[in-house]
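# Residue-level structural notes
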Amino acid sequence: MHAKEALGNSNQSFVVEIKSQENHTWQGTITWVEGKKKVNFRSALEMIRLMDSTLSGESDQ
């Protein structure tokens, strides 16, 4: 499953690739299109936190 979404007015785009679903949550990879950065995530909550930290301008992952 692949999805590309532009979120809010921050002009950040993410490509989310869901590689598996275990323990009732997703595991996969999130790619920041503008930042050319790719990070693996282990849960949907972790994916949302990664997106939020990018949108709020934090550099920690």
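Residues numbered from 1 in each chain as written. Predicted model: local features only at pLDDT ≥ 70, side-chain atom pairs only at ≥ 80, totals over all residues. Heavy atoms only, no water.

Turning to the overall build of the protein chain, a few remarks are in order. Across its full length, the protein chain holds one helix and four strands. Reading the protein chain from its N end, one meets helices and strands in the order β-β-β-β-α. In the protein chain, 14% of the contacts between residues at least 6 apart in sequence involve partners at least 24 apart. Carbon and sulfur atoms provide 49% of the accessible area of the protein chain, an area that totals close to 4500 Å². (Helix = DSSP H or I, 4+ residues; strand = E, 2+ residues; numbered from the N terminus. Contact = heavy atoms within 4.5 Å. Areas by Shrake-Rupley, 256 points an atom, 1.4 Å probe, with all protein chains shown as cover.)

Grouped together as the largest cluster of nonpolar side chains are ten residues: Phe-14, Val-16, Ile-18, Ile-30, Trp-32, Val-39, Phe-41, Met-47, Leu-50 and Met-51. Only β2 (12–22), β3 (25–32), β4 (37–41) and α1 (44–55) provide two or more residues apiece to this core. (Core = buried A, V, L, I, M, F, W, Y, C linked by side-chain atoms within 4.5 Å. Buried < 20%, exposed > 50% of the residue type's maximum accessible area, 1.4 Å probe, protein only.)

Structurally, Gln-27 can be placed in strand β3. If near-sequence neighbours (up to four positions away) are discounted, Gln-27 is found in contact with Glu-17, Ile-18, Lys-19, Ser-20, Gln-21, Glu-22, Phe-41 and Arg-42.

Turning to unusual backbone geometry, a few remarks are in order. The backbone of Asn-23 sits at a positive phi, close to 55°, despite the residue not being glycine. Tracing the backbone shows Asn-23 in the loop between β2 and β3. Overall, the relative accessible area of 70% leaves Asn-23 in the exposed class. Located in the positive-phi region is Lys-36, a residue other than glycine, with phi close to 50°. With respect to the helices and strands, Lys-36 occurs in the loop between β3 and β4. Given a relative accessible area of 77%, Lys-36 falls into the exposed group.

Its twelve residues place the ends of α1 17 Å apart at the C-alpha level, agreeing with the 16 Å of an ideal helix rising 1.5 Å per residue. All of the buried residues in α1 are Met-47, Leu-50, Met-51 and Ser-53. Buried residues of α1, viewed axially, fall in a sector of 165°; they line one side. (Expected span 1.5 Å × (residues − 1). Arc of directions from axis to C-beta.)

Here the protein chain averages 82 in pLDDT, while 77% of its residues score no lower than 70. Segment residues 1–8 is flagged for pLDDT under 50; beyond a separation of four residues in sequence, or across chains, it makes 21 contacts in the model. (pLDDT = per-residue confidence, 0-100.)

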